Amino acid sequence: MIPLNRPTRTGKEIDYIRQAIESGSLQGGGRFTQKCMEWMEKKFSASKVLLTSSGTAALDMAAYLCSIQPGDEVILPSFTFSSTAVAFARVGAKLVFVDICPETMNCDADAIEKALTVKTKVIVVMHYAGVACDMEKVMCLAKDRGILIVEDAAHGFMSTYKGRYLGTIGHFGCYSFHDTKNYTMGEGGALVINDRNFIERAEILWEKGTNRSKFIRGMVDKYTWVDMGDSYLPSELNAAFLIPQLEKADLIFRDRLESWDRYFDRLKELMLRGDIQLPSIPEDCGHNAHIFYIKTGTCEHRDRLMDFLKAKGICTAFHYLPLHKSPAGLKYGRFAGEDHFTSFESERLLRLPIYYGMESKTIDYIVKAIFQFYG
Ligand SMILES: *Cc1c(COP(=O)(O)O)cnc(C)c1O
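Structure report, in brief. Residue numbers here run from 1 along each chain, matching the order of that chain's written sequence. In keeping with the model being predicted, local features are shown solely for residues with a pLDDT of at least 70 and side-chain atom pairs are shown and tallied solely at 80 or more, while totals for entire chains, interfaces and linings include all residues. The basis for every side-chain value is the complete set of heavy atoms in the structure, and neither hydrogens nor water enter the calculation.

Here's the deal with the side chain of Ser213
So, point 1. Note on conventions: DSSP H or I runs of at least 4 residues are helices, E runs of at least 2 residues are strands, and numbering of each starts at the N terminus. Tracing the backbone through its elements, the reader meets Ser213 in helix H8 (residues 212-216).
So, point 2. Buried means the residue's accessible area, taken with a 1.4 Å probe over protein chains only, is under 20% of the maximum for its type, while exposed means over 50%, and partly exposed covers the values in between. Since its relative accessible area comes to 10%, Ser213 is described here as buried.
So, point 3. Setting aside residues up to four positions removed in sequence, Ser213 forms contacts with Glu203, Trp206 and Glu207. What makes two residues a contact is simply this: any of their non-hydrogen atoms within 4.5 Å.

And the structure:
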């Protein structure tokens, strides 16, 4: 079977893990953790990055730092992964789900605007498939109203919007290094803190509620419990695994994009024939080829195509089941406006295999199978 995803490996991971083991300490916050964080801060010109044990943990931290009060509302797309919502439901926010733009599957800035109330505290955007949301409009909506922006950039590591890296535009950005993401450490993530006012509290939260980060920098002579916290640091083993992938970040980026472009070029004919739709990339967006998807005419077409490809040894997948219709979504949130696209578009979306080091002939085989299906 051709898998949907193959975890990224550069071949250098074992070397770095050995170095971590030989260093004598595997607890979080060591040399490799620092190296990962410094790499991101430099590459993305970010004021502060904290490595976390998952993307979900990074979202959790962002949600906590937003200081949600009873009755506060958080606007987010319904078309996203559960983690985006869970983080904010847990701190007591009322979730307000909005519709997406069918062209990008990203949350619709006009729908966000219509969903605003005096209780809106946070807007969470998710950059689907590593293609940026309309950040200019979203930032503009938030600015005068004192609303915080959290970017769920789990798909968007290394992607850009108007030349800026995703995750560095809102108040907080959240990356994931889960095994299915472009860059991985098995399980892991990072929180980007773009507003310096939040850095001190973020470090305390990250360090189990202590001011240990200040202590390490020599700013206090002993460290103690000062605020709420959790254990958000990954082990040095995980950080050591991520380092070689960051060192090869541009190579991995280009390799995936080549696969993405090959799919697009070869499937264009089916799009022009009207059999399928292909993703559209707005001019302002430099994307990282996290996902390659097509859209079929209907849900029934999609399911038949999925079965057809499976019989040819090709794994495909769909997502997301709209959160506003999920058991927890119904409990913690409501949908604002009309569901014009979320349900309909998600039912006809099909993700094709894409991973680092994918061979051209594998893509050609998959494309040929899709052409066969459409006759
Ligand atoms: C993967 C993902 C997350 C969560 O990341 P984990 O590292 O698996 O916790 C959050 N949001 C989106 C959109 C994701 O795809």
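Regarding the packing of helix H10 (residues 249-272) against helix H14 (residues 360-374)
So, point 1. Helix axes are fitted only over the stretch in contact, all axes being lines through C-alpha atoms; the angle between N-to-C directions runs from 0 to 180 degrees. Packing of H10 against H14 brings their axes to within 10 Å, and their N-to-C directions diverge by 20 degrees. Considered as vectors, H10 and H14 are oriented roughly parallel to each other. The two elements H10 and H14 cross, and the hand of that crossing is right-handed. The residues of H14 that touch H10, namely those facing Ser259, Arg262, Tyr263, Arg266, Leu267, Glu269 and Leu270, are Ser360, Ile363, Asp364, Ile366, Val367, Ile370, Phe371 and Tyr374. When an angle is under 35 degrees it counts as roughly parallel; over 145 it counts as roughly antiparallel; between 65 and 115 it counts as roughly perpendicular; any other value is oblique. Left-handed describes a crossing whose near helix is turned anticlockwise from the far helix through less than a right angle; right-handed describes the clockwise counterpart.

Things to note about a nonpolar patch on the surface
So, point 1. Two joining distances apply to patches: 9 Å for like charges and 5 Å for nonpolar side chains (Val, Leu, Ile, Met, Phe, Trp, Tyr), and every residue must have over 30% relative accessible area and no salt bridge. Using a 1.4 Å probe, accessible areas were evaluated by the Shrake-Rupley method; residue-level cover was limited to the displayed protein chains. What makes a salt bridge here is a side-chain nitrogen of Lys or Arg within 4 Å of a carboxyl oxygen of Asp or Glu, nothing more. The grouping of Phe215, Ile216 and Tyr223 at the surface amounts to a nonpolar patch, some 300 Å² of accessible area in total.
So, point 2. Look at Tyr223 and you get partly exposed, because its relative accessible area is 40%.

Some remarks on the site of the ligand
So, point 1. Of all residues adjacent to the ligand, which total 16 residues, the nearest are Gly55, Thr56, Asp152, Ser176 and Lys181.
So, point 2. Side-chain atoms alone can form a polar contact between residues adjacent in sequence; in general such a contact is a pair of N or O atoms within 3.5 Å, and within protein one must be able to donate a hydrogen while the other accepts it. One of the side-chain N or O atoms of Thr56 is found 2.5 Å from an oxygen atom in the ligand.
So, point 3. Within the side chain of Ser176, an N or O atom sits 2.7 Å from an oxygen atom of the ligand.
So, point 4. It is helix H3 (residues 55-65) that provides the largest number of residues to the shell around the ligand, a total of 3 residues.
So, point 5. For the shell around the ligand, the residue count by class is 5 nonpolar, 9 polar and 2 charged. Consider each residue's heavy atoms; a residue with any of them within 4 Å of a molecule or strand counts as near. Under the grouping applied here, Gly and all other residues not named as nonpolar or charged are polar, the nonpolar ones being Ala, Val, Leu, Ile, Met, Phe, Trp, Tyr, Cys and Pro and the charged ones Asp, Glu, Lys and Arg.

Some words on the packing of aromatic side chains
The way to describe two aromatic rings as a pair is by their centre distance and the angle between their planes.
So, point 1. Paired rings are identified among Phe, Tyr and Trp, the last through its six-membered ring, by centres lying within 6.5 Å, and are further divided according to the angle between planes into stacked (under 30 degrees), edge-to-face (over 60) and tilted (the rest). Considering all chains together, one arrives at 21 aromatic pairs under this definition.
So, point 2. Ring centres of Phe79 and Tyr320 lie 5.2 Å apart, and the angle between their planes is 70 degrees; on these two criteria the pair is classed as edge-to-face. Residue Phe79 is found in the loop between strand S2 (73-77) and helix H4 (82-90), and its partner Tyr320 is found in the loop between helix H11 (299-311) and helix H12 (327-332); the two are separated by 241 residues along the sequence. Tyr320 matches Phe79 in its accessibility class, with the two residues each being buried.
So, point 3. Following the ring pairs from residue to residue traces out a cluster consisting of Trp39, Phe44, Phe157, Tyr165, Tyr175, Phe177 and Tyr183.
So, point 4. We note Arg31 situated over the ring of Phe32; from NZ or CZ to the ring centre the distance is 4.7 Å.
So, point 5. Two limits define a charge over a ring: the Lys NZ or Arg CZ must be within 6 Å of the ring centre, and within 35 degrees of the ring normal. We note Arg302 situated over the ring of Phe318; from NZ or CZ to the ring centre the distance is 4.2 Å.

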